[in-house]
Amino acid sequence: MSSEFNQKIIEEFRANGGQVGGHFQGSSLVLLSTTGAKSGKRVTTPVMYVRDGDRIVIIASNAGGDNHPAWYHNLLANPDVTVELGAETFEAKSELIEGDERDRLYAEMVAIAPTFADYEAKTSRRIPVVALNRAA
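Anyway, here's the lowdown on the structure attached to this text. (Residues numbered from 1 in each chain as written. Predicted model: local features only at pLDDT ≥ 70, side-chain atom pairs only at ≥ 80, totals over all residues. Heavy atoms only, no water.)

On to unusual backbone geometry, then. Residues other than glycine seldom take positive phi values, yet Asn-62 does so here, at roughly 50 degrees. By secondary structure assignment, the location of Asn-62 is in the loop between strand S3 (55-59) and helix H2 (70-77). Its identity as a non-glycine residue notwithstanding, Ala-63 has a phi of 55 degrees, on the positive side. With respect to the helices and strands, the residue Ala-63 is situated in the loop between S3 and H2. Judged by relative accessible area, which is 40%, Ala-63 ranks as partly exposed. (Helix = DSSP H or I, 4+ residues; strand = E, 2+ residues; numbered from the N terminus. Buried < 20%, exposed > 50% of the residue type's maximum accessible area, 1.4 Å probe, protein only.)

Structure representation (C-alpha cells):
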C-alpha cells in the first residue's frame, strides 16, 4: 500500500476512534508503529488483526506479495512497538508465531477475512504471523 493511502486510513482511524470506511469498513484494524530497521524513524501502518486472548495477532501478508512488508522487517530489528486499538494506545512487544500455533491463528484470520486465503495462495513465501503482547 502506498504511504498516501495508509496516511488517509491513519487519519480516519484517529479521527473516528478506530473506525474507518471504504474498503476496510467493518474490519478489525490497529495502527502499528514500528522503528525503521534502516532509518531508525517511527513508521505507522494500519494492519488487520485478530484477538487471541490478550494478544493482538497480525499477519505480514503484504497482500500476497513475494516480499514481507516493511513493518515486519522493522519489528524483527526492534520488537518494541506502539499499538493503537480504537481510542487506546499502548506499548507492546512483538513475537513471531510459528508451527501449529501460526497455522491456527492464520486460519482464524481467514475466517474473519477470507482474502487472507487468497494472499497465501498468491505467494510461495510462508506468510509470518506476529503476536503483539501488551507491555507490563
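Attention now moves to the packing of helix H3 (residues 99-112) against helix H4 (residues 115-122). In helix packing, the relevant descriptors are the interaxial angle and the interaxial distance, both defined with respect to the helix axes. One can describe the packing of H3 onto H4 by two numbers: an axis separation of 7 Å at closest approach and a directional angle of 125 degrees. As judged from the angle between their axes, H3 and H4 are oblique. Taken together, the residues of H4 that come into contact with H3 (itself represented by Arg-102, Tyr-106, Met-109 and Val-110) are Phe-116, Ala-117, Tyr-119 and Glu-120. When grouped by side-chain class, the residues that make up the contact of H3 with H4 number six nonpolar, no polar and two charged. (Axes fitted to C-alpha atoms, helices over the stretch in contact; angles between N-to-C directions. Parallel < 35°, antiparallel > 145°, perpendicular 65-115°, else oblique. Contact = heavy atoms within 4.5 Å. Nonpolar A, V, L, I, M, F, W, Y, C, P; charged D, E, K, R; others polar.)

In the structure shown here, the tally under the stated rule is three aromatic pairs. Judged by centre distance (6.4 Å) and plane angle (75 degrees), the rings of Tyr-106 and Phe-116 are edge-to-face. On the criterion of sequence distance, the pair formed by Tyr-106 in helix H3 and Phe-116 in helix H4 is long-range, its members being 10 residues apart. Take Tyr-106 and Phe-116: they sit in the same class, and that class is buried. When the ring of Phe-116 is compared with that of Tyr-119, the centres are 5.1 Å apart and the planes differ by 70 degrees; the resulting orientation is edge-to-face. Of this pair, Phe-116 and Tyr-119 are both found in helix H4, three residues apart, which corresponds to roughly one turn of the helix. (Phe/Tyr/Trp six-rings, centres within 6.5 Å; stacked < 30°, edge-to-face > 60°.)

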